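Understanding the architecture of this molecule
Here is how the chains run, residue by residue.
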Amino acid sequence: MNEEASVRVAVISDIPAIHALYKILFAEMSQLQPGVWRPAEMPRSFIAELVAGERSNILLIEEGGEIAGFAVVQDRDTPPLNCLHKNRFCYLLDFVVQPNRRGKGLGKALLAAAEAWAHERNLKWLELNVLAENTGAIKLYEKTGMKPSGYTMRKMYT
C-alpha cells in the first residue's frame, strides 16, 4: 500500500461514495454468477443503518484523497443452539476495491483494518462468504491467512 492510502470509519456523508462502490460490487457479482445475481443498487437507507449501527461499521480505504474501497464489518453472535459454543465473531458482509486500484495492497490493508476492528472488540474470528468464481478475492483472502471453513453447494435447474 502506498503512503497516500489510509483507512477510516465511514460517516453519513460518505454514503454516496459507498453507494457507487456497491454498484461495482453487484455488477461484478452478476458477471460471476449471472443466473443468481444481477446489477443493482444498495438502498441508501441500508447503508445508513450500517454506518450508524452499534454493532457494525463500514471501513473505508482512501487513496489520494478519494475513497477506493470499503469493508462492511459486523459484530455477530453465533446462533443460540446448544450444539454451538457461544461466541462473538466478525462477519465481513461486503468488501470491494475499485477495479482500477486493485493489486496495490489496498485490499490487504482493508482486511488488516477489519481484523484490527475485530481484535478491538475481542471477537473470536473473522468470517466471510465469497463467490467460488471470484478467484482474485479468494487469493487475497488466502494470502492473509483465511481458510475455508465450509462450502455452500448449489444445483441450478434452469
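For the structure, check the block above.
A brief look at the structure comes next. Bear in mind the structure is a predicted one, so any value in this text is a computation, not a measurement.

**Here we look at the nonpolar core**
Among the nonpolar cores identified, the biggest contains 24 residues, and L59, V73, C90, L92, F95, L110 and Y141 are the most heavily contacted of them. Counting residues per element, the ones that place at least two in this core are β2 (56-63), β3 (66-77), β4 (88-97), α3 (106-120), β5 (126-128) and α4 (135-143). The greatest single-element share of this core, amounting to eight residues, is contributed by α3. Excluding anything up to four places from it in sequence, L92 contacts A71, V72, V73, L111, L126, E127 and L128. Among the nonpolar cores identified, the runner-up in size contains 19 residues, and A10, Y22, L50 and L60 belong to it.

**Comments concerning helix α1 (residues 15-32)**
With 18 residues, α1 should reach 26 Å at 1.5 Å per residue; the first-to-last C-alpha distance of 26 Å fits that figure. Three or more residues of α1 are buried, namely I15, I18, H19, L21, Y22, L25, F26, M29 and S30. Against the buried residues of α1 lie α2 (44-52), β2, β3 and β4.

**Some remarks on a nonpolar patch on the surface**
A surface patch of nonpolar side chains, amounting to about 260 Å² of accessible area, comprises V36, W37 and M156. With respect to the helices and strands, the residue V36 is situated in the loop between α1 and α2.

**Looking at the side chain of S56**
Mapping S56 onto the fold places it in strand β2. Judged by its relative accessible area of 8%, S56 is buried. Here the side chain of S56 touches L50 through a polar contact of 2.8 Å, landing on its backbone oxygen. With residues up to four places along the chain from it excluded, the contact list for S56 reads E49, L50, V73, Q74 and W117.

**A few points about the environment of V96**
You can see V96 is positioned in strand β4. The class of V96 is buried, set by a relative accessible area of 2%. Sequence separation between V96 and L25 is 71 residues, and the spatial gap between their C-alpha atoms is 6.2 Å. When neighbours within four sequence positions are excluded, V96 is seen to be in contact with L21, I24, L25, A68, G69, F70, R102 and L110.

**Structural notes on unusual backbone geometry**
Even without being a glycine, N122 presents a positive backbone phi close to 55°. Mapping N122 onto the fold places it in the loop between α3 and β5.

Cut-offs used in this document
Residues numbered from 1 in each chain as written. Predicted model: local features only at pLDDT ≥ 70, side-chain atom pairs only at ≥ 80, totals over all residues. Heavy atoms only, no water. Core = buried A, V, L, I, M, F, W, Y, C linked by side-chain atoms within 4.5 Å. Buried < 20%, exposed > 50% of the residue type's maximum accessible area, 1.4 Å probe, protein only. Helix = DSSP H or I, 4+ residues; strand = E, 2+ residues; numbered from the N terminus. Contact = heavy atoms within 4.5 Å. Expected span 1.5 Å × (residues − 1). Patch = residues over 30% accessible without salt bridge, like charges linked within 9 Å, V, L, I, M, F, W, Y side chains within 5 Å. Areas by Shrake-Rupley, 256 points an atom, 1.4 Å probe, with all protein chains shown as cover. Salt bridge = Lys/Arg side-chain N within 4 Å of Asp/Glu carboxyl O. Polar contact = N/O pair within 3.5 Å; in protein donor to acceptor, adjacent residues only side chain to side chain.

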